[in-house]
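Listed below are the residues making up each chain.
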Number of protein chains: 2
Amino acid sequence: MHQTFDAALEMNLLHANQHGAEENRDRLNKWGITCLNLMSSPGSGKTQLLEQTLQLLQSELRMAVIEGDMTTQLDADRLRQHEVPVIAINTGRACHLDSKMVAGGLHQFAHEQTPQDFDLMFVENVGNLVCPAEFEVGEHAKVALLSITEGEDKPLKYPIMFREADCLLITKTDLAPYLDVDIENIISNVRQLNSKVVVIPVSAKTGEGLESWCDWVKQFVSNQSGAAKNLVTAS
Amino acid sequence: MHQTFDAALEMNLLHANQHGAEENRDRLNKWGITCLNLMSSPGSGKTQLLEQTLQLLQSELRMAVIEGDMTTQLDADRLRQHEVPVIAINTGRACHLDSKMVAGGLHQFAHEQTPQDFDLMFVENVGNLVCPAEFEVGEHAKVALLSITEGEDKPLKYPIMFREADCLLITKTDLAPYLDVDIENIISNVRQLNSKVVVIPVSAKTGEGLESWCDWVKQFVSNQSGAAKNLVTAS
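Here the structure is a predicted model, which is why all the values come from computation and not from measurement.

J.: Can you break down the overall build of chain A residue by residue, with the values?
T.: Scanning chain A for helices and strands turns up eight helices and seven strands. Taking 18 Å as the expected radius of gyration for a compact globule of 235 residues, we find that chain A reaches 17 Å, a close match to that expectation. Summarising its shape, the C-alpha atoms of chain A cover approximately 50 × 50 × 40 Å along the three principal directions. Burial analysis of chain A (235 residues in total) assigns 59% to the buried set. Within chain A, contacts between residues separated by at least 24 positions form 74% of all contacts whose residues are at least 6 apart in sequence. Approximately 9600 Å² of chain A is accessible, and the part contributed by carbon and sulfur atoms is 48%.

J.: Explain the sheet that holds strand S4 (residues 120–124) of chain B to me, using residue names and the numbers behind them.
T.: Residue and element names in this part refer to chain B. The parallel open sheet is built from seven strands, whose spatial order is S3-S2-S4-S1-S5-S6-S7. Looking at strand neighbours, the two that pair on one side only are strand S3 (86–90) and strand S7 (198–201), the edges of this open sheet. Between one strand axis and the next, the sheet turns through 20° on average, direction left out of account. Pairing geometry for strand S6 (residues 167–171) and S7, over four bridges, is parallel. Residue Ile-170 lies in a different strand from S7, and its bridge partner there is Pro-201. Across the sheet, helix H4 (residues 99–112) touches strand S2 (63–69), S3 and S4, and the angle it forms with S3 is around 150°. Of the strands in this sheet, strand S5 (141–147), S6 and S7 are in contact with helix H7 (residues 183–193), which crosses S6 at around 155°.

J.: An account of the interface of chain A and chain B is requested, with residue identities and associated values reported.
T.: The partner chain B presents 48 residues to the 48 residues of chain A that form the contact. Of the roughly 4300 Å² buried between chain A and chain B, counting both surfaces, carbon and sulfur atoms make up 59%. The interface formed by chain A and chain B contains eight salt bridges. For the salt bridge of Lys157(B) with Asp69(A), the shortest nitrogen-to-oxygen distance reads 3.4 Å.

J.: Mind laying out the packing of aromatic side chains, listing which residues take part and the relevant values?
T.: All names here are of chain A. Evaluation of the coordinates by the stated rule reveals nine aromatic pairs over all chains. On the numbers, 5.2 Å between centres and 70° between planes, the contact of Phe-109 with Phe-118 is edge-to-face. Like Phe-118, Phe-109 is buried. Within the aromatic cluster, the residues linked to one another by ring pairs are Trp-31, Phe-109 and Phe-118.

J.: Outline the pairing of S5(B), supporting the account with residue identities and numerical values.
T.: Residue and element names in this part refer to chain B. In terms of burial, S5 is largely enclosed, as seven of its seven residues are buried. Of the two faces of S5, the one holding Ala-141, Val-143, Leu-145 and Ser-147 and the one holding Lys-142, Ala-144 and Leu-146 are both buried throughout. Examined bridge by bridge, strand S1 (residues 34–39) and S5 share four bridges and lie parallel to one another. Its bridge partner being in S5, Leu-38 is matched across the sheet by Val-143. Looking at chain direction, S5 and S6 are connected through five bridges and run parallel. Bridging across to S6, Val-143 finds its partner in Cys-167.

About the cut-offs
- Residues numbered from 1 in each chain as written.
- Chains lettered and ligands numbered in written order.
- Predicted model: local features only at pLDDT ≥ 70, side-chain atom pairs only at ≥ 80, totals over all residues.
- Heavy atoms only, no water.
- Helix = DSSP H or I, 4+ residues; strand = E, 2+ residues; numbered from the N terminus.
- Rg over C-alpha atoms; globule rule 2.2 N^0.38 Å.
- Buried < 20%, exposed > 50% of the residue type's maximum accessible area, 1.4 Å probe, protein only.
- Contact = heavy atoms within 4.5 Å.
- Areas by Shrake-Rupley, 256 points an atom, 1.4 Å probe, with all protein chains shown as cover.
- Pairing = 2+ DSSP bridges.
- Axes fitted to C-alpha atoms, helices over the stretch in contact; angles between N-to-C directions.
- Buried area = accessible area lost by both parts, 1.4 Å probe.
- Salt bridge = Lys/Arg side-chain N within 4 Å of Asp/Glu carboxyl O.
- Phe/Tyr/Trp six-rings, centres within 6.5 Å; stacked < 30°, edge-to-face > 60°.

Written out as structure tokens, the structure is:
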């Protein structure tokens, strides 16, 4: 969030975004799609995690991706190789996806696919540990990634992201032997801010933690889909 | 930069910031202080680089630091151990330093020290590869850091930072043997955007590149101080 403009304007901006996020979530609920918003610093491994997740869960869930990048189609092209629909959004100078951009992405998705055929939509946000945490896009849960190369103190220094996260993946654990970083200290720093977040250490290289992550995703989709059915029954 | 509000407002915001940055630079010029703005993703090694630089250059340059962090004094406390003045600015929810915050920092600095006694002011920005590049704070040069753990494609995906940088430090080169990353590819991607930027691979662990970096800093301060004297003579 930029701070140079006045507080009332900031509130309006966040309020308008929140309203759009709720509209997106309603739309996803009607389609029966669960949405996970993946957020982290640049280079923490969001795209690689997504590639592996699409592969591991392809026989169990019907998935799609909204891919946010400032410029280029590099990540979208990587993900398209996994034969899932990928909607690419270039944000230009914007440092995060907002609900309006994602509404455009959902519109395109509905135009190109039959949304009711899908279970799970991943949103890969712009690499930024600050702003994406403040701008909901309509997700049902926030997944933050933190590479162990970023250091133990990052949860304390960038608290908003770690307070907001429902699931935290501590990535690149295979590099632990070459770094002065203790994963337990990272977890303890996260716990100071958020006692409920599910923390899963993972390595794309060794495969550590990927099964736990996929189990979490499947359980979350299952719970979400049950909750959505109850909502429909109740109404 | 957030994009939800209108283009005219964005321009006003950047224009007001730029005006403040020029006032800060005038102030620094009058004091005879060169200012370097250090920017990168979270955890690329800005604070560690600063610690080593303060140590290596302490006998040659009189230095001070403006330390930007969303919350906490963790980095400021690390830097204070090197016996230089450190002005800590907590940005709260803001994702970058702006010229108004740095003006406040310079005011505090002038109140606590005799600015004319100093040669060099480092500004350590909030860890963010997007927004800091758009908000000048009054620096004479922009120094970007990119850790090799972030991957080869980052210059292409976050182009504003790499277009704006005067000097780019590619950090954590000691981890190269454990990663599928070629530093030459990073440099080639940077060169597509910026043919003039000085690129220096460094490792805080092995010390690689630190001498070249310190030489660049000394040369830049010397040139800047010569240019400032010429300005004074000409006026």
